Amino acid sequence: MAEEHRIHLIFFRHGIAADRETFVGNDSDRPLTAEGVAKTSKIAEKLAPLYPPSIVITSELVRAKETADLIVEAADQVDKKARRFETSCLNPEGTWSPWVEYLSHKVLPQVEAEDGEDSNIYLTGHEPNISEFFARYIRAAEDSITFKKAGVGIIRLESADKGRMLALLTPKLVLNL
């Protein structure tokens, strides 16, 4: 009997970014700070052996794209080649229905089982929608969950719009794994 192919969504809020009050420029261009890069990289390195990234989907904002790049680098360290995509669905103003449609039509058709290997799809994004999307997947109140910067939530996908929560972790918890 073949093993069940599981698909996990790993929600990963972007790391610590430049302060929005003091940053000169467009908010979408705010990068991760040196501390944000260091901490996010360590978290990605802790997660990669446990949930090797298959696909990394990021918002179009610089801080989320930098977070996604760190996840892809961590995947390389565990000999996994992660494909990386950008979508406005994960931008701060992104909403649920376009995200579910994107996942259904653009991402899930690309996910194929390889020797029973699980598919781990990382999502890098922002508050409030990363928490709202996570809550919607597990059928919790949309305002009941808040991700810290570089916080992680993991669900096992049951359908494009439903999942079962496996973990909700603060950065500190991940670093202590």
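Attention in this report is confined to the structure presented alongside it. (Residues numbered from 1 in each chain as written. Predicted model: local features only at pLDDT ≥ 70, side-chain atom pairs only at ≥ 80, totals over all residues. Heavy atoms only, no water.)

As for the sheet that holds strand β3 (residues 83–86)
Selection rule: The criterion for strand pairing is that DSSP finds at least two bridges linking the strands in question. Helix numbering and strand numbering both begin at the N terminus, where a helix is a DSSP run of H or I of at least 4 residues and a strand a DSSP run of E of at least 2. Axis lines are fitted to C-alpha atoms, over the contacting stretch for helices. Their N-to-C directions set the angle, which ranges from 0 to 180 degrees.
Taken in spatial order, the six strands line up as β3-β2-β4-β1-β5-β6 in an open sheet, and their pairing is mixed. Unpaired on one side and paired on the other, β3 and β6 (162–169) mark the two borders of the sheet. Strand-to-strand twist in this sheet, taken as the mean axis angle between neighbours without regard to direction, amounts to 20°. Relative to strand β4 (residues 119–125), strand β1 (residues 7–13) is paired through seven bridges, and the arrangement is parallel.

Describing helix α2 (residues 62–77)
Selection criterion: Multiplying 1.5 Å by the helix residue count minus one yields the expected span of that helix. Classification of residues uses two cut-offs on accessible area relative to the type maximum, computed with a 1.4 Å probe and protein chains only: under 20% is buried, over 50% is exposed, and between them is partly exposed. Contacts between residues were defined by any pair of non-hydrogen atoms, one from each residue, lying within 4.5 Å.
Compared with the 22 Å implied by 1.5 Å per residue over 16 residues, the 23 Å span of α2 between its first and last C-alpha is a close match. Restricting attention to buried positions, one finds in α2 the residues R63, A64, T67, A68, L70, I71, V72, A74 and A75. Looking at the buried positions of α2, the neighbouring elements they touch are β1, α1 (34–47), β2 (55–58), β3 and β4. Following α2 by one or two positions, D79 has its phi on the positive side, about 55°.

Some thoughts on the pairing of β6
Here is the key point about a regular strand: its side chains alternate between the two faces of the sheet. Sheet analysis places strand β5 (residues 152–159) next to β6, joined by seven bridges and oriented antiparallel. Considered in β6, the bridge of R156 is made with R164. What sits between β5 and β6 in their antiparallel hairpin is a turn of two residues.

Focus on the nonpolar core
Worth spelling out the cut-off: Only buried residues count toward a nonpolar core, which is a set of Ala, Val, Leu, Ile, Met, Phe, Trp, Tyr and Cys residues joined through side-chain atoms within 4.5 Å.
By size, the foremost hydrophobic cluster in this structure holds 26 residues, and its most contacted members are L9, F11, I57, W99, I121 and Y137. When contributions to this core are tallied by element, the ones reaching two or more residues are β1, β2, α3 (96–107), β4, α4 (129–137) and β5. At six residues, the largest contribution of residues to this core is made by α3. When sequence neighbours within four positions are dropped, the list of residues in contact with L9 reads L103, I121, L123, Y137, G153, I154, I155 and L157. The next biggest cluster of nonpolar side chains, apart from the first, holds 20 residues, and it includes A44, A48, Y51 and V152.

Describing the packing of α3 against α4
Filter applied, for reference: An angle counts as roughly parallel when it lies under 35 degrees, as roughly antiparallel when it exceeds 145, as roughly perpendicular when it falls between 65 and 115, and as oblique in every other case. Two helices cross in a left-handed way if the nearer one is turned anticlockwise from the farther one by less than a right angle. They cross in a right-handed way if the turn is clockwise.
Two numbers describe how α3 lies on α4: the axes approach to 11 Å, and their chain directions differ by 70°. Considering their axes alone, α3 and α4 lie roughly perpendicular with respect to each other. The crossing of α3 and α4 is right-handed. Of α4, the residues touching α3 (which contributes W96, W99 and L103) are F133, R136 and Y137.

Section: the pairing of β3
Note that β2 and β3 share four bridges and pair parallel. Across the sheet, the residue bridging to I55 is R83, located in β3.

Focus: the environment of L61
Here L61 shows up in the loop between β2 and α2. When its relative accessible area of 8% is taken as the criterion, L61 is described as buried. With ten residues separating them in the primary sequence, L61 and Y51 have C-alpha atoms 24 Å apart. Dropping the residues within four chain positions of it, L61 is found in contact with S28, N91, P92 and H126.

A word on the environment of P52
In this fold, P52 is placed in the loop between α1 and β2. With relative accessibility at 26%, the residue P52 sits in the partly exposed group. As a C-alpha pair, P52 and E127 span 75 residues in sequence and 24 Å in three-dimensional space. Discounting chain neighbours no more than four positions away, the residues touching P52 are K80 and N120.

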